[in-house]
Amino acid sequence: MPPRRLLLLSNSVLHCPQEAKKSSEPWLEWCWPNIEDFLGPVIKVLFIPFAPLTSWDEATERLQNVMKTRGNSYQVTGIHQCKSMKDAIAETEAIMVSGGNTFRLLYELQKNDLIDAIRQRVLNDGIPYIGWSAGTNVATPNIKTTNDMPIIWPGKDAALNLFPYNINPHFTRFTMKGFAGETRVQRLEECFRLNKQPIVLLPEGTGIKVDGDKLQFFRGPCINDPVEVMKGTPNEEKPQYIEYKFDHPTSEWINIDIFK
Ligand code: ASP
(Lines give C-alpha, C1' and ligand atoms only; values in the text may rest on other atoms or scores of the structure.)
Protein backbone atom coordinates (compact mmCIF):
# COMPACT_ATOMS: atom_id res chain seq x y z
CA MET A 1 0.00 0.00 0.00
CA PRO A 2 1.44 3.46 -0.84
CA PRO A 3 1.95 5.72 2.20
CA ARG A 4 -0.75 8.20 3.17
CA ARG A 5 0.14 11.76 2.17
CA LEU A 6 -1.48 14.70 3.92
CA LEU A 7 -0.90 18.43 4.00
CA LEU A 8 -2.96 19.95 6.81
CA LEU A 9 -2.89 23.72 7.02
CA SER A 10 -4.09 25.95 9.81
CA ASN A 11 -5.39 28.65 7.51
CA SER A 12 -5.48 30.00 3.97
CA VAL A 13 -5.08 33.77 4.39
CA LEU A 14 -2.20 35.01 6.50
CA HIS A 15 -1.88 38.37 8.22
CA CYS A 16 1.83 38.73 8.77
CA PRO A 17 2.16 39.97 12.38
CA GLN A 18 5.38 41.89 11.68
CA GLU A 19 3.80 43.88 8.88
CA ALA A 20 0.80 45.47 10.54
CA LYS A 21 0.22 47.88 7.67
CA LYS A 22 -0.17 45.18 5.09
CA SER A 23 -3.76 43.93 5.28
CA SER A 24 -3.26 40.31 4.30
CA GLU A 25 -1.39 38.17 1.83
CA PRO A 26 -3.16 36.72 -1.19
CA TRP A 27 -5.06 33.50 -0.63
CA LEU A 28 -2.85 30.50 0.18
CA GLU A 29 0.27 32.54 -0.59
CA TRP A 30 2.15 31.62 2.59
CA CYS A 31 1.94 27.89 1.89
CA TRP A 32 1.87 27.76 -1.90
CA PRO A 33 5.47 26.46 -2.20
CA ASN A 34 4.50 23.66 0.20
CA ILE A 35 1.43 22.86 -1.90
CA GLU A 36 3.37 22.75 -5.18
CA ASP A 37 6.09 20.62 -3.68
CA PHE A 38 3.53 18.28 -2.14
CA LEU A 39 1.44 17.83 -5.30
CA GLY A 40 4.49 17.16 -7.48
CA PRO A 41 3.48 15.79 -10.89
CA VAL A 42 -0.27 15.68 -10.14
CA ILE A 43 -2.55 17.09 -12.87
CA LYS A 44 -6.15 16.34 -11.81
CA VAL A 45 -7.21 17.98 -8.56
CA LEU A 46 -10.66 17.56 -7.07
CA PHE A 47 -11.72 20.50 -4.93
CA ILE A 48 -14.29 20.13 -2.15
CA PRO A 49 -15.76 23.58 -1.44
CA PHE A 50 -18.59 22.49 0.89
CA ALA A 51 -17.42 24.51 3.90
CA PRO A 52 -17.87 28.10 2.67
CA LEU A 53 -21.35 29.54 3.03
CA THR A 54 -20.76 31.52 -0.17
CA SER A 55 -20.95 30.21 -3.74
CA TRP A 56 -19.14 26.90 -4.32
CA ASP A 57 -18.58 27.88 -7.97
CA GLU A 58 -16.86 31.08 -6.86
CA ALA A 59 -14.70 29.21 -4.35
CA THR A 60 -13.63 26.81 -7.11
CA GLU A 61 -12.89 29.67 -9.47
CA ARG A 62 -10.82 31.34 -6.79
CA LEU A 63 -8.60 28.28 -6.48
CA GLN A 64 -8.37 27.95 -10.26
CA ASN A 65 -7.29 31.61 -10.46
CA VAL A 66 -4.57 31.18 -7.83
CA MET A 67 -3.20 28.29 -9.86
CA LYS A 68 -3.40 30.24 -13.11
CA THR A 69 -1.62 33.23 -11.58
CA ARG A 70 1.08 30.92 -10.35
CA GLY A 71 1.51 29.34 -13.78
CA ASN A 72 0.51 25.87 -12.51
CA SER A 73 -0.99 23.36 -14.90
CA TYR A 74 -3.24 21.57 -12.39
CA GLN A 75 -6.79 20.94 -13.62
CA VAL A 76 -9.10 21.82 -10.75
CA THR A 77 -12.72 20.66 -10.70
CA GLY A 78 -15.25 21.44 -8.00
CA ILE A 79 -16.82 18.23 -6.74
CA HIS A 80 -20.28 19.83 -6.86
CA GLN A 81 -19.80 20.33 -10.63
CA CYS A 82 -19.31 16.59 -11.28
CA LYS A 83 -22.07 14.27 -12.47
CA SER A 84 -21.11 11.66 -9.91
CA MET A 85 -19.17 12.79 -6.84
CA LYS A 86 -18.05 9.25 -6.11
CA ASP A 87 -16.73 8.74 -9.66
CA ALA A 88 -14.90 12.04 -9.39
CA ILE A 89 -13.22 10.87 -6.18
CA ALA A 90 -12.35 7.54 -7.80
CA GLU A 91 -10.72 9.26 -10.78
CA THR A 92 -8.87 12.17 -9.21
CA GLU A 93 -5.14 12.35 -8.51
CA ALA A 94 -5.43 14.68 -5.50
CA ILE A 95 -8.05 16.16 -3.19
CA MET A 96 -8.14 19.71 -1.80
CA VAL A 97 -10.66 20.69 0.87
CA SER A 98 -11.31 24.31 1.71
CA GLY A 99 -12.02 26.12 4.96
CA GLY A 100 -15.30 27.64 6.03
CA ASN A 101 -17.77 26.14 8.48
CA THR A 102 -16.65 22.69 9.60
CA PHE A 103 -20.15 21.47 10.51
CA ARG A 104 -21.42 22.38 7.06
CA LEU A 105 -18.48 20.58 5.46
CA LEU A 106 -18.97 17.40 7.45
CA TYR A 107 -22.73 17.55 6.92
CA GLU A 108 -22.24 17.57 3.14
CA LEU A 109 -19.59 14.84 3.21
CA GLN A 110 -21.93 12.62 5.21
CA LYS A 111 -25.07 13.54 3.23
CA ASN A 112 -23.35 12.64 -0.05
CA ASP A 113 -21.87 9.50 1.47
CA LEU A 114 -18.29 10.50 0.60
CA ILE A 115 -16.39 9.60 3.78
CA ASP A 116 -15.43 6.06 2.81
CA ALA A 117 -14.71 6.99 -0.80
CA ILE A 118 -12.20 9.68 0.27
CA ARG A 119 -10.63 7.45 2.93
CA GLN A 120 -10.17 4.69 0.39
CA ARG A 121 -8.32 6.95 -2.10
CA VAL A 122 -6.11 8.62 0.50
CA LEU A 123 -5.33 5.63 2.71
CA ASN A 124 -5.31 2.81 0.16
CA ASP A 125 -4.21 4.56 -3.04
CA GLY A 126 -2.00 7.20 -1.39
CA ILE A 127 -3.36 10.19 -3.32
CA PRO A 128 -2.42 13.55 -1.75
CA TYR A 129 -4.98 15.23 0.53
CA ILE A 130 -4.67 18.95 1.22
CA GLY A 131 -6.97 20.66 3.70
CA TRP A 132 -7.01 24.05 5.33
CA SER A 133 -8.96 25.09 8.43
CA ALA A 134 -12.26 23.20 8.14
CA GLY A 135 -10.58 20.95 5.57
CA THR A 136 -7.96 20.15 8.21
CA ASN A 137 -10.56 19.57 10.92
CA VAL A 138 -12.36 16.91 8.88
CA ALA A 139 -9.11 15.03 8.22
CA THR A 140 -8.99 14.13 11.94
CA PRO A 141 -11.01 11.47 13.81
CA ASN A 142 -13.84 13.91 14.64
CA ILE A 143 -14.64 17.63 14.63
CA LYS A 144 -14.65 18.16 18.41
CA THR A 145 -11.85 20.76 18.27
CA THR A 146 -13.20 23.05 15.56
CA ASN A 147 -13.66 26.73 16.44
CA ASP A 148 -16.91 26.83 14.46
CA MET A 149 -20.51 26.94 15.61
CA PRO A 150 -22.80 24.02 14.80
CA ILE A 151 -24.94 25.98 12.32
CA ILE A 152 -26.06 22.70 10.81
CA TRP A 153 -25.89 19.31 12.46
CA PRO A 154 -24.19 16.37 10.74
CA GLY A 155 -25.60 13.03 11.90
CA LYS A 156 -22.42 12.30 13.86
CA ASP A 157 -19.14 14.05 14.61
CA ALA A 158 -16.98 11.26 13.13
CA ALA A 159 -14.85 12.63 10.31
CA LEU A 160 -12.38 11.24 7.75
CA ASN A 161 -9.87 9.99 10.33
CA LEU A 162 -6.91 10.27 7.97
CA PHE A 163 -4.78 11.78 10.74
CA PRO A 164 -4.88 10.15 14.20
CA TYR A 165 -5.21 13.27 16.40
CA ASN A 166 -7.58 16.18 16.74
CA ILE A 167 -6.25 19.51 15.51
CA ASN A 168 -7.17 23.04 16.49
CA PRO A 169 -6.57 25.33 13.49
CA HIS A 170 -6.12 29.10 13.93
CA PHE A 171 -4.85 28.31 17.43
CA THR A 172 -4.13 31.36 19.57
CA ARG A 173 -3.28 32.05 23.20
CA PHE A 174 -4.52 35.59 22.76
CA THR A 175 -7.03 36.71 25.39
CA MET A 176 -8.96 39.93 25.28
CA LYS A 177 -8.90 42.16 28.35
CA GLY A 178 -12.31 42.18 30.01
CA PHE A 179 -13.60 39.18 28.04
CA ALA A 180 -15.24 36.73 30.44
CA GLY A 181 -16.02 33.86 28.07
CA GLU A 182 -13.88 30.72 27.95
CA THR A 183 -10.49 31.19 26.32
CA ARG A 184 -9.43 28.95 23.47
CA VAL A 185 -7.10 27.06 25.80
CA GLN A 186 -9.90 26.49 28.34
CA ARG A 187 -12.21 25.12 25.65
CA LEU A 188 -9.53 22.78 24.35
CA GLU A 189 -8.66 21.59 27.84
CA GLU A 190 -12.35 20.82 28.39
CA CYS A 191 -12.26 18.65 25.29
CA PHE A 192 -9.11 16.99 26.53
CA ARG A 193 -10.58 16.35 29.99
CA LEU A 194 -13.53 14.44 28.54
CA ASN A 195 -11.81 12.65 25.70
CA LYS A 196 -8.19 12.24 26.88
CA GLN A 197 -6.89 12.41 23.33
CA PRO A 198 -3.89 14.47 22.12
CA ILE A 199 -4.72 17.71 20.32
CA VAL A 200 -2.34 19.41 17.88
CA LEU A 201 -2.51 23.21 18.19
CA LEU A 202 -1.69 24.94 14.90
CA PRO A 203 -1.23 28.73 15.05
CA GLU A 204 -1.84 30.81 11.94
CA GLY A 205 0.73 30.20 9.22
CA THR A 206 1.60 26.67 10.29
CA GLY A 207 0.79 23.20 9.00
CA ILE A 208 1.53 19.49 9.16
CA LYS A 209 2.92 17.34 6.40
CA VAL A 210 2.35 13.61 6.77
CA ASP A 211 4.17 10.97 4.80
CA GLY A 212 3.15 7.47 5.87
CA ASP A 213 3.97 7.14 9.55
CA LYS A 214 6.07 10.29 9.79
CA LEU A 215 5.06 13.90 10.24
CA GLN A 216 6.76 17.24 9.94
CA PHE A 217 5.51 20.66 11.05
CA PHE A 218 6.08 23.63 8.77
CA ARG A 219 5.43 27.33 8.87
CA GLY A 220 5.39 30.50 6.82
CA PRO A 221 8.36 32.88 6.84
CA CYS A 222 6.96 35.53 9.24
CA ILE A 223 5.55 33.18 11.89
CA ASN A 224 7.12 32.76 15.31
CA ASP A 225 4.51 31.01 17.43
CA PRO A 226 5.39 27.39 18.11
CA VAL A 227 3.18 24.48 17.16
CA GLU A 228 2.04 22.83 20.38
CA VAL A 229 0.62 19.44 21.23
CA MET A 230 -1.69 18.94 24.20
CA LYS A 231 -1.08 15.50 25.55
CA GLY A 232 -1.92 13.31 28.56
CA THR A 233 0.19 12.97 31.68
CA PRO A 234 0.27 9.87 33.91
CA ASN A 235 -2.39 11.29 36.28
CA GLU A 236 -4.28 12.82 33.32
CA GLU A 237 -5.71 15.67 35.40
CA LYS A 238 -4.04 18.45 33.46
CA PRO A 239 -2.63 17.99 29.98
CA GLN A 240 0.99 18.61 29.26
CA TYR A 241 2.00 20.92 26.40
CA ILE A 242 4.81 19.96 24.08
CA GLU A 243 6.19 22.91 22.14
CA TYR A 244 7.71 22.61 18.69
CA LYS A 245 9.86 25.65 17.97
CA PHE A 246 11.69 25.47 14.69
CA ASP A 247 13.10 27.77 12.06
CA HIS A 248 11.18 28.37 8.86
CA PRO A 249 10.45 26.28 6.87
CA THR A 250 10.17 22.88 8.63
CA SER A 251 10.72 20.91 11.82
CA GLU A 252 12.45 17.54 11.86
CA TRP A 253 10.44 14.52 10.79
CA ILE A 254 8.92 12.72 13.77
CA ASN A 255 7.07 9.47 14.16
CA ILE A 256 3.32 9.98 13.99
CA ASP A 257 2.71 7.69 17.01
CA ILE A 258 4.86 9.83 19.31
CA PHE A 259 1.88 11.51 21.04
CA LYS A 260 -0.07 8.33 21.77
N1 ASP B 1 -13.83 28.23 10.42
C2 ASP B 1 -12.50 27.73 10.33
C3 ASP B 1 -12.09 27.72 8.87
O4 ASP B 1 -12.31 26.82 8.13
C5 ASP B 1 -12.36 26.36 10.97
C6 ASP B 1 -12.14 26.46 12.46
O7 ASP B 1 -11.74 27.54 12.92
O8 ASP B 1 -12.32 25.45 13.17
O9 ASP B 1 -11.61 28.69 8.43
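Residues numbered from 1 in each chain as written. Predicted model: local features only at pLDDT ≥ 70, side-chain atom pairs only at ≥ 80, totals over all residues.

A word on the site of the ligand
By nearness alone, 13 residues border the ligand, and G99, S133, A134, T146 and N147 come closest of all. Secondary structure elements with two or more residues in the shell around the ligand: α6 (134-137) and β6 (166-171). Taken together, the residues that form the shell around the ligand break down as three nonpolar, nine polar and one charged. (Near = placed C-beta within 6 Å. Helix = DSSP H or I, 4+ residues; strand = E, 2+ residues; numbered from the N terminus. Nonpolar A, V, L, I, M, F, W, Y, C, P; charged D, E, K, R; others polar.)

Focus on the pairing of strand β10 (residues 227-231)
For β10, the buried fraction is high: four of the five residues fall into the buried class. Across three bridges, the pairing between strand β7 (residues 199-203) and β10 is antiparallel. When the sheet's bridge partners are listed, V200 is paired in β10 with V229. In this sheet, strand β11 (residues 240-244) lies alongside β10 in antiparallel orientation, the contact comprising five bridges. Of the residues in β11, the one forming a bridge with V227 is Y244. (Buried ≥ 20, exposed ≤ 12 C-beta atoms within 10 Å, placed from the backbone. Pairing = 2+ DSSP bridges.)

With respect to the environment of N65
Here N65 lies in helix α2 (residues 56-69). For N65, a count of 13 C-beta atoms within 10 Å corresponds to the partly exposed category. Taking the C-alpha atoms as reference points, N65 and R104, separated by 39 residues in sequence, lie 24 Å from one another.

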